[in-house]
Amino acid sequence: MKSSAGRLGLLALLLAASLTSSLATQTATVTTSDPVSFAKGISRVMRPVQPDEVFTVIAVNGDLITIADVDGYQATLSRSVLKITNPLPSPTPVTNTAPTESPVTNVSPSAGLPATVISPNSPPSSQPPVSPVISPEDAGMIKKLNDAFQISLWANTNLWNEDVGAVAGRLNWPQESNTSFDASYRHYALGNQGVTILGTRAYSMALYARNGHPDYVSIMFVNKGDFGECEEINKKEHSHVPVSADEIEKATDDLNAAVKKDAETINTLLTALLGDPEIRVFGIAADNREDVHRWDWNGHAILLSCPHNEYAAIKIIPSDVADHYGDVNNLDRESIKEALAKRVLKRDNGDVVLQDIPMVDQGPKGYCVPATWERYLRYVDVPADMYVLAMFGNTGMGGGTNLTGMREGVNSYVESYHRRVETTDVPLDVDHLADFIDQGLPLMWGCYVIKDVEKKIHDHTFIDRKTVTDWDAYKAKLQADDKSLVPVSQADPDFAEHGHMRMIIGYNAQTDEFAISDSWGQRFAERWITVKEAQNISQNELDYVQW
C-alpha cells in the first residue's frame with residue numbers, strides 16, 4: 001500500500017534578520033485556485049488554498065516570494081498569483097535563517113473546545129527531575145558514552161529515572177506525541193539535514209516515555225524506508241515509470257552494503273568503549289525474533305540489530321527488559337478494558353471521539369501502515385516501532401505495505417502480549433462502527449487518498465466545524481454536499497497508488513460523520529469525513545485489536 005505524499009507538522013519559523021523590519025508585518029493571500037505545494041524541511045503537502053486564507057511573507061527573491069501558513073509550512077510562489085497587503089521592498093535575493101522548534105498547539109477541530117499546548121521541552125508529568133550525586137568515575141563514563149553517541153543522552157547514571165522533558169530538551173528532539181500514559185519525541189534527519197551518531201548517519205531518532213520517564217530510545221541508521229536508492233524506486237513506481245529487476249537488485253545490494261558498513265562502525269565504537277558484545281535473541285514471538293549485539297552499562301542495554309534487507313538500528317532499553325526478550329509488564333484484560341472505556345469522549349454536539357491515541361509521524365516515506373499500527377499498539381499498551389513493524393509487513397522500498405502480511409505479522413507479535421488482531425466485515429456506517437468506538441476501540445481503515453475528498457475533509461474540519469452554531473443546519477449542508485459526490489473510479493490507473501491506512505476514531509450519529517486520524521503529525525490527529533465520503537474511498541479493510 002502506498003501512502004500519499006504529504007503531512008503537516010506544527011513548527012514556527014524565524015524571519016531572516018535582513019527582512020525582520022520590512023517583512024514582519026507583510027501578509028498575502030493566494031489568488032490561484034490550483035492546489036499549492038507547501039514544505040517544511042522534509043515534510044511536504046499539496047493542498048488547496050482558501051480565498052480568505054492569510055499567509056505571512058517571509059522572503060523575497062526577485063519575482064519569487066516565500067510565504068508561510070499558520071503552521072509554519074512554506075511555499076514559494078510567483079508575485080502574479082499573490083495579493084500582497086502592502087507594497088513589498090525591492091526584489092533582492094534573501095537567505096532565510098534556519099527554522100527553530102517552537103511549542104506545538106493542537107487545536108481541536110470542534111468549535112468551543114480548548115486547545116492543548118504541547119512543548120518539546122515540557123514533561124508529561126509534574127514529577128521533579130532526579131539529580132543524584134555522580135562519582136568522578138561515573139562522570140567520566142557518562143562523558144565517554146555521550147562522546148561516542150555524539151549526543152547528550154546521559155546526564156547521570158540512570159536514564160530511566162530522569163524527567164523525559166529534560167532528556168528531550170537537551171537532545172533537542174521535538175515532541176511527537178503526548179497522552180496520559182506515554183509520550184514520544186522524534187527527530188528526522190533526512191535530505192541535507194544530516195546527523196551523525198556513533199560515527200554514522202542517523203535518519204530517525206526517537207525517545208519514548210511512560211509516566212514522565214524515558215522508556216526506551218530508538219535510533220534508525222540506514223534503512224529501507226529512507227535509503228536514497230529505495231526512495232527513487234518508490235518515486236518511479238508512483239509515477240508509473242518502469243523499474244527494472246536490475247535496479248531493484250542494485251538498490252538491495254547497496255542497501256545491504258550500507259547496513260553492513262553502519263553496523264561495523266557502530267560495533268567497533270561500542271566494543272572499544274564497553275567490551276565485546278553478547279550475541280542475544282531479542283523479541284518475544286518466535287517469528288519476529290532477531291539476533292542482536294548487546295552491551296550493558298548500569299541498567300542500560302544497548303542493542304544493535306541489522307536484519308537483512310531492512311536496516312541498521314540501535315535500541316536502548318532497561319537491562320531487565322532485555323533480559324526478558326523485550327517483554328514488559330502489560331495491562332491485564334480487565335485493566336485494558338477499563339482503561340479504554342475511559343478514553344471515550346462525548347461532546348455536547350454529539351461527537352463521540354477516542355482520546356489518548358499516540359501520534360506517530362511517518363515522515364515523507366510510504367509508511368502509513370506500520371506508523372498507524374505503531375499508534376494503535378501503543379494505544380492498547382503494546383510497545384511498538386514502525387520500522388520494525390515495516391519488517392513484519394514486508395514494506396517495500398521507500399514504502400508500500402501488503403495489508404494481509406502486516407496484519408498477520410502484527411497478530412503474531414501482539415499474541416505474546418495477550419492481544420489479537422481481528423478483522424470485521426460490518427458495513428461502514430455509524431450504526432455498526434459505534435459499537436467499537438463506544439468500547440474505546442479505534443478501527444484500522446484501509447482507504448484511498450483522493451484529492452477532492454481530502455479537500456472536503458479539510459473544509460469540514462478546519463472551516464465548517466469551527467463556526468457551527470446550528471448542528472441541524474450543518475447536517476442538512478452535509479447531506480446536500482453528499483448528493484453531489486462524484487463516485488471514485490477504481491479503473492483510474494493512479495487509483496492503486498493512492499492506497500492509504502488511517503484510523504477511524506469517532507463518530508457523530510446526528511451529522512452522520514466519522515472522525516479519522518492520520519500518521520502525518522498532530523494537525524491530522526482528528527479530522528472529520530461524512531459516511532458517504534468514507535464509503536466512496538474505502539478499501540473495505542477494517543481491523544482492530546482485541547484482548
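Data block above holds the structure.
Quick caveat: nothing in here was measured; it's all calculated off a predicted structure.

Glancing now at helix 8 (residues 368-379). Helix length check: helix 8 (12 residues) gives 16 Å between terminal C-alpha atoms against 16 Å at 1.5 Å per residue, within 8%. The buried count for helix 8 comes to 12 of 12 residues, which makes it a mostly enclosed element. Every buried residue of helix 8 is listed here: C368, V369, P370, A371, T372, W373, E374, R375, Y376, L377, R378 and Y379. Positive phi shows up at D381, right after helix 8, with a value of about 70°.

This brings us to the nonpolar core. Core analysis: the largest hydrophobic core is formed by 111 residues, its most contacted members being F149, W154, I314, W373, L377, W445 and F514. Element by element, the count of residues in this core is highest for helix 8, at 7 residues. If we skip the residues at most four places from it in the chain, I314 touches F149, L198, V217, S218, I219, F221, I266, L270, I302, L303 and L304.

Quick look at the side chain of E454 now. Here E454 shows up in helix 12 (residues 451-464). We classify E454 as buried; its relative accessible area is 14%. In terms of polar contacts, E454 uses its side chain to reach the side chain of R502, at 3.1 Å. With residues up to four places along the chain from it excluded, the contact list for E454 reads V449, R502, W520 and R527.

Before going further, it helps to examine the pattern of salt bridges. Scanning the entire structure with this criterion turns up 25 salt bridges. The closest approach of N and O atoms between D323 and R294, which form a salt bridge, is 2.8 Å. With D323 in helix 6 (residues 319-323) and R294 in strand 17 (residues 290-297), the pair connects residues that are 29 residues apart, well separated along the chain. A salt bridge links R420 to E422; its shortest N-O distance comes to 2.4 Å. What emerges from the salt-bridge pattern is a single network uniting E176, D182, R186, E374 and R378.

So, about the packing of helix 8 against helix 10 (residues 403-415). It is the contact of helix 8 with helix 10, at a shortest axis distance of 11 Å, that shows an interaxial angle of 30°. As summarised for this structure, helix 8 and helix 10 are arranged roughly parallel, according to the angle between their axes. Helix-helix and strand crossings are classified by hand; for helix 8 and helix 10 the assignment is right-handed. Every residue of helix 10 that contacts helix 8 at V369, P370, W373 and L377 is listed here: L403, M406, V410, Y413 and V414. The residue makeup of the contact of helix 8 with helix 10, split by class, is 9 nonpolar, no polar and no charged.

Cut-offs applied
- Residues numbered from 1 in each chain as written.
- Predicted model: local features only at pLDDT ≥ 70, side-chain atom pairs only at ≥ 80, totals over all residues.
- Heavy atoms only, no water.
- Helix = DSSP H or I, 4+ residues; strand = E, 2+ residues; numbered from the N terminus.
- Expected span 1.5 Å × (residues − 1).
- Buried < 20%, exposed > 50% of the residue type's maximum accessible area, 1.4 Å probe, protein only.
- Core = buried A, V, L, I, M, F, W, Y, C linked by side-chain atoms within 4.5 Å.
- Contact = heavy atoms within 4.5 Å.
- Polar contact = N/O pair within 3.5 Å; in protein donor to acceptor, adjacent residues only side chain to side chain.
- Salt bridge = Lys/Arg side-chain N within 4 Å of Asp/Glu carboxyl O.
- Axes fitted to C-alpha atoms, helices over the stretch in contact; angles between N-to-C directions.
- Parallel < 35°, antiparallel > 145°, perpendicular 65-115°, else oblique.
- Left-handed = near helix turned anticlockwise from the far one by under 90°.
- Nonpolar A, V, L, I, M, F, W, Y, C, P; charged D, E, K, R; others polar.

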